[in-house]
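# Summary of the model geometry
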Amino acid sequence: MNGKTLSSKLRGILTAAVILATCLSGSAQATDTDTIQYPDSMTIIEKNLSELKYERRLQRREEFWHKLIPEMVSVQYAGGIGMISAGFGWAYGCGDRWETHLMLGFLPKRYNYHHYWTFTLREYFNPWKIRFKQHWQVTPLSVNLSINSILHSDFWMKEPSRYPDGYYGFSSRIRFHLGLGQRISFLIPREKRFMSRKVSLYYEVSTCDLYLRQKFLNSSIPLKDIITLGIGAIFTI
């Protein structure tokens, strides 16, 4: 091996050494000043859990507002809550046995009295529903408890001062009603549904706290005088 070849190899080795030293120096500087951090698995999991909790909160909020949308429209004639009443309601519980209805009623002018508007909050309990044939359903017993109010200044919550203390002993504006009835429902086939999926016709016999009080104080009052009959329809959306 001559001197020229040896010198060439030495220069190559020195050049490679310089390049390696430069790379190592640059890497050390980058490590000291601009540290590269890679997310670990725990960080990723925490981020995913946070997003999942948000999605669940959003879903619960949407479900809550969805439950507030009425799913029934009801119309009733007579029944002690107005000549004609209409409103909307919700069904819930196992098998939709429970229902809550809000109804606005109208009582036309009669004799020398005004016409009146009424408001009713009604709770139903339907313990049994019997399906027969393909699209028919019978509710053999429907129990309801209602709170009814006449929306007029002629009626009061507290006894006016013009009456002696304890003269009446009850509110003339608020009445509590207890009713029993039955329903027959038609389940509309899916391909024929337009505005509702079920139509129910019902009747109910009911009485109120004031009538029961009068019957208790005077047993000679006929039963028919403290019982009211109402008929109506419920459209399940």
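A short tour of the structure in this document, coming up. This structure is a prediction, so every number in the text was calculated from the model and none was measured. (Residues numbered from 1 in each chain as written. Predicted model: local features only at pLDDT ≥ 70, side-chain atom pairs only at ≥ 80, totals over all residues. Heavy atoms only, no water.)

### Looking at the pattern of salt bridges
- With the rule as written, the count across this model stands at five salt bridges.
- With a shortest N-O distance of 3.2 Å, Glu204 and Arg122 are connected by a salt bridge. In this pair, Glu204 is assigned in strand 8 (residues 198–208) and Arg122 in strand 4 (residues 116–125), connecting sequence segments 82 residues apart. Of the two residues, Glu204 and Arg122, neither departs from the other in class, the shared state being buried. (Salt bridge = Lys/Arg side-chain N within 4 Å of Asp/Glu carboxyl O. Helix = DSSP H or I, 4+ residues; strand = E, 2+ residues; numbered from the N terminus. Buried < 20%, exposed > 50% of the residue type's maximum accessible area, 1.4 Å probe, protein only.)

### Brief notes about the side chain of Ser146
- Take Ser146: it is sitting in strand 6 (residues 136–150).
- A distance of 2.8 Å separates a polar atom in the side chain of Ser146 from a polar atom in the side chain of Arg122.
- A distance of 3.5 Å separates polar atoms of two side chains, one belonging to Ser146 and the other to Asn144.
- Not counting residues within four places of it along the chain, the set of residues in contact with Ser146 comprises Thr120, Leu121, Arg122, Arg175, Phe176 and His177. (Polar contact = N/O pair within 3.5 Å; in protein donor to acceptor, adjacent residues only side chain to side chain. Contact = heavy atoms within 4.5 Å.)

### Observations concerning the pairing of strand 2 (residues 84–92)
- Two elements, strand 1 (residues 72–78) and strand 2, share six bridges in a ladder whose sense is antiparallel. Residue pairing in the sheet places Val73 in a bridge with Phe88 of strand 2.
- The loop that links strand 1 with its antiparallel partner strand 2 comprises five residues; one of these, Gly79, has a positive phi angle of about 95°.
- In this sheet, strand 3 (residues 98–107) lies alongside strand 2 in antiparallel orientation, the contact comprising nine bridges. Looking at the pairing, Ala86 lines up with Leu104 of strand 3. (Pairing = 2+ DSSP bridges.)

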